[in-house]
Amino acid sequence: MITFSLTFITMDHTGKSPISTDRKTSEKTVDSSASVKPNGKSIATSATVMKPTEKAAVSSANPMNPDVATALSPAHADQVMLFRDVSHGPREADLRFRLIHFWEARNPNTKILIGQEMLLIDEEGTVIQGFIPAGRVGIFDLVAGSVYNLSNFFGSRSKEQYRVADHVATVSFSWNSSLSVLENPPVLIPDDRFRFHSYEEFRANCDSRGDLYDYVGHMKLVNGQTITDHMILDEVDIAEKRHLCVHVQTHDGPVMKLYLWDKAAADFCQKFKSYGNTPSVLLVTTVNPKHLGGTLALTSMSSSRVFMDADVQPTKDYLAWLNSNSDIANRVVAEVVTKPEPVTLEELFSYIRQDSSKVAWFECMATIDDVVQGFAWYYISCGGCNSKAVKGHTSLICNNKKCVKTEFTGVPQYLTRISVYDKTEQAVFVILGDAGKELTGKHAAELVANYFEANDGVGADHRVPVPQALLDTIGQTRKFIVKVSDHNLTGKTQTITVTKILPPDAPLRSTVGVGSGSSGSSGDTAADKNRKAVEILEADEAKRPKSG
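Residues numbered from 1 in each chain as written. Predicted model: local features only at pLDDT ≥ 70, side-chain atom pairs only at ≥ 80, totals over all residues. Heavy atoms only, no water.

So, about the overall build of the protein. Scanning the protein for helices and strands turns up eleven helices and 27 strands. Buried residues in the protein amount to 50% of all 548 residues. Relative to all contacts within the protein whose residues are 6 or more apart in sequence, the contacts with residues 24 or more apart total 67%. Per element, the accessible surface of the protein, about 26600 Å² overall, is 50% carbon and sulfur. (Helix = DSSP H or I, 4+ residues; strand = E, 2+ residues; numbered from the N terminus. Buried < 20%, exposed > 50% of the residue type's maximum accessible area, 1.4 Å probe, protein only. Contact = heavy atoms within 4.5 Å. Areas by Shrake-Rupley, 256 points an atom, 1.4 Å probe, with all protein chains shown as cover.)

The calculated volume of the second largest pocket comes to roughly 1400 Å³. Looking at the second largest pocket, it is lined by 37 residues, and the ones nearest its centre are Arg 106, Pro 108, Ser 300, Met 301 and Ser 302. (1 Å grid on protein atoms, 1.4 Å probe; cavity = no way out; pocket = protein on both sides within 12 Å on 5 of 7 lines; lining within 4 Å. Points joined across faces, edges and corners; volume = space filled by probe spheres on them.)

The next thing to look at is the environment of Phe 452. Within the secondary structure, Phe 452 is located in helix 8 (residues 444-454). Relative accessible area serves as the criterion here: at 24%, Phe 452 is assigned to the partly exposed category. Phe 452 sits twelve residues away from Val 464 along the chain, and the two C-alpha atoms are 8.3 Å apart.

On inspection of all chains with the given rule, the structure shows twelve aromatic pairs. Judged by centre distance (5.8 Å) and plane angle (80 degrees), the rings of Tyr 451 and Phe 452 are edge-to-face. Three or more aromatic residues joined by ring pairs make a cluster, and in this case those are Phe 83, Phe 97 and Tyr 148. (Phe/Tyr/Trp six-rings, centres within 6.5 Å; stacked < 30°, edge-to-face > 60°.)

Within the sequence span of helix 8, burial applies to Ala 444, Leu 447, Val 448 and Tyr 451. Projected onto a plane normal to the axis of helix 8, the buried residues spread over an arc of 100 degrees and lie on a single side. The inward-facing, buried residues of helix 8 contact strand 21 (378-382), strand 24 (410-421) and helix 9 (468-471). (Arc of directions from axis to C-beta.)

A few words now on helix 6 (residues 345-353). Because the α-helix completes a turn every 3.6 residues, residues three or four places apart line up on one side. Considered for burial, the residues of helix 6 that qualify are Leu 345, Leu 348, Phe 349, Tyr 351 and Ile 352. Along the axis of helix 6, the buried positions cluster into a sector of 155 degrees, meaning they face one direction only. Its buried side turned inward, helix 6 meets strand 20 (360-371), strand 24, strand 25 (426-432), strand 26 (477-484), helix 10 (486-489) and strand 27 (496-502).

Now for the pattern of salt bridges. Scanning the entire structure with this criterion turns up 18 salt bridges. Arg 96 serves as the salt-bridge partner of Glu 123, at 2.9 Å between the closest nitrogen and oxygen. Taken together, the residues span a long stretch of sequence, with Glu 123 in the loop between strand 6 (113-121) and strand 7 (127-133) and Arg 96 in strand 5 (residues 89-106) at a distance of 27 residues. Each member of the pair, Glu 123 together with Arg 96, is buried. With its nearest N and O atoms 3.0 Å apart, the salt bridge here joins Glu 117 to Lys 159. Note that Glu 117 is positioned in strand 6 and Lys 159 in the loop between strand 8 (147-157) and strand 9 (169-172), a separation of 42 residues in sequence. Salt bridges sharing partners connect three or more residues here, namely Arg 163, Asp 166, Arg 193, Arg 195 and Asp 211. (Salt bridge = Lys/Arg side-chain N within 4 Å of Asp/Glu carboxyl O.)

What follows covers the pairing of strand 27. Of all seven residues in strand 27, six are buried; the element is thus mostly enclosed. Sheet analysis places strand 25 next to strand 27, joined by three bridges and oriented parallel. When the bridges of strand 27 are listed, Val 430 appears paired with Thr 497. (Pairing = 2+ DSSP bridges.)

Here we come to empty space enclosed by the protein. On inspection of all chains with the given rule, the structure shows two cavities of 30 Å³ or more. When its volume is computed, the largest cavity comes out at roughly 110 Å³. Those elements giving two or more residues to the lining of the largest cavity turn out to be strand 11 (192-196) and strand 16 (281-292). Here the lining of the largest cavity is composed, by residue class, of five nonpolar, two polar and five charged. (Nonpolar A, V, L, I, M, F, W, Y, C, P; charged D, E, K, R; others polar.)

On to the pairing of strand 26, then. Most of strand 26 is tucked away, with seven of its eight residues classed as buried. In terms of strand pairing, strand 20 meets strand 26 through eight bridges, oriented antiparallel. Bridge pairing in strand 26 links Glu 363 to Ile 481. Strand direction decides the pairing type here: strand 26 and strand 27, joined by five bridges, are antiparallel. Note that in strand 27 the partner of Lys 479 across the bridge is Leu 502.

Attention now moves to the nonpolar core. Counting 35 residues, the largest nonpolar core has Leu 348, Trp 377, Phe 429, Phe 480 and Val 482 as its most contacted members. Each residue touching Trp 377, except ones within four places of it in the same chain, is listed here: Gln 413, Tyr 414, Leu 415, Thr 416, Ala 444, Leu 447, Val 448, Val 464, Pro 465, Val 466, Pro 467 and Leu 470. (Core = buried A, V, L, I, M, F, W, Y, C linked by side-chain atoms within 4.5 Å.)

To continue, consider the environment of Gly 253. Inspection of the secondary structure assignment puts Gly 253 in the loop between strand 14 (243-249) and strand 15 (255-261). Placed 54 residues apart in sequence, Gly 253 and Tyr 199 show a C-alpha to C-alpha distance of 7.4 Å.

Of all residues in the protein, 72% have pLDDT values of 70 or greater, and the mean over the chain is 77. Confidence drops under a pLDDT of 50 for residues 1-5, and excluding neighbours within four residues, the segment shows twelve contacts in the predicted structure. (pLDDT = per-residue confidence, 0-100.)

Further remarks concern the side chain of Ser 303. Structurally, the position occupied by Ser 303 is in the loop between strand 17 (295-299) and strand 18 (306-308). Of note is the side chain of Ser 303, whose polar atom sits 2.9 Å from the side chain of Thr 286. Contact partners of Ser 303, with chain neighbours within four places excluded, come to His 101, Trp 103, Val 164, Leu 212, Thr 285 and Thr 286. (Polar contact = N/O pair within 3.5 Å; in protein donor to acceptor, adjacent residues only side chain to side chain.)

The following block contains the structure:
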């Protein structure tokens, strides 16, 4: 199957942009008036599409041999130099461009400032990377979105890793560079340009450290929470962890995990709150495809920017498609997005001990040895938000200030510790929420109710002993989908959280159907319940004093 990279050029006012020769001929260039179709391709309404064999007659520059000095195109002699004419070496010429974005470049190990990187676009819609060395950072007054004139610069070689533009050269500010703002530029210059990759293209370039492309799609989960009309982000938790995870999907393609770090995470929270209704569409620029926990994931970089529903033309176009094709977009449930990597228990613990490890999901085949005694096998949750109920003056109450339930209804949920083993190691797993039903075939609420029905004389606060349904699982060998959490990585707990249980011969599907029910509290998914239980367990484990 042949795939194409899509490039969106957003013009200010009504300007249009011809294609430039610094781009690959296999790229399809689309301006802001294009409409995105469900198959992931775009139809250009006013853009020029280069054929693979077509020659460009717009410049005398040779981007394939940038060391050959190039003069300005005849049509632009004695005027500003266009980006398509920029080549390697010192240049005593003027450039006119819009500053799309700028960010700090630091050494990843020492965090020492290397310089300031920029993304620039000229009147033809050609994008080039700019660079200001560390010694000159702060000399130039930079405002994203402004139009500038730059006199004198050096055309340096574009870096091979993590490039954000197609051009072979980078505009480096030199000792004699002069930068001035153009308040009323004589020509229209596009506001922005995007380079989108599909799932297949991200997968093909995974872990390559190559060019950084842009992603657009709709959100399925944010930090494990299903997207709802009244969703509230836990900004304190996000700030402490310095990142968040969004499950995203483009059209009806596979669901991916998109990790936003530091400024990108903060920008996400700010934009998410700024919308009256919960936004659906997410566009993140310059993402890095890599394997995390054995699956394809996208991570933000220092150069990444975040856009949502109505921010830019590509998000508007995608939102229009989403509103017209909600049945297609909802075919994939976000709980099971990719097949986790199979590991042994020994390999699981080895992963946890690695300094570079992150939160991840794995598949383990293990045999149940026992139900761990000394712990309650269930807890009482709030029927509205699944938070753990606490004792009030006269009854249990929900202590979650974000809960919208006015009347408390207690619901028993699984929180069961089991000891397991395989050929390599032993471990303690914690079964949470609906994973318990997948193990026993019964809801925790059903087992608790059955006990009280059979024992009329016991009080309501009596601890129900481990039911036979759980004891009958001893000796069974199952596939467990487990989560390595932050608390595992920091050594606060060694118990491993189970999010799903499969029989040995059951295939793990990457996609399953979803219903079209309401998104209220009664429609909470297993992922929501598991997430709440995980938080309860990890909080309890973190507070419990360690012995020995």
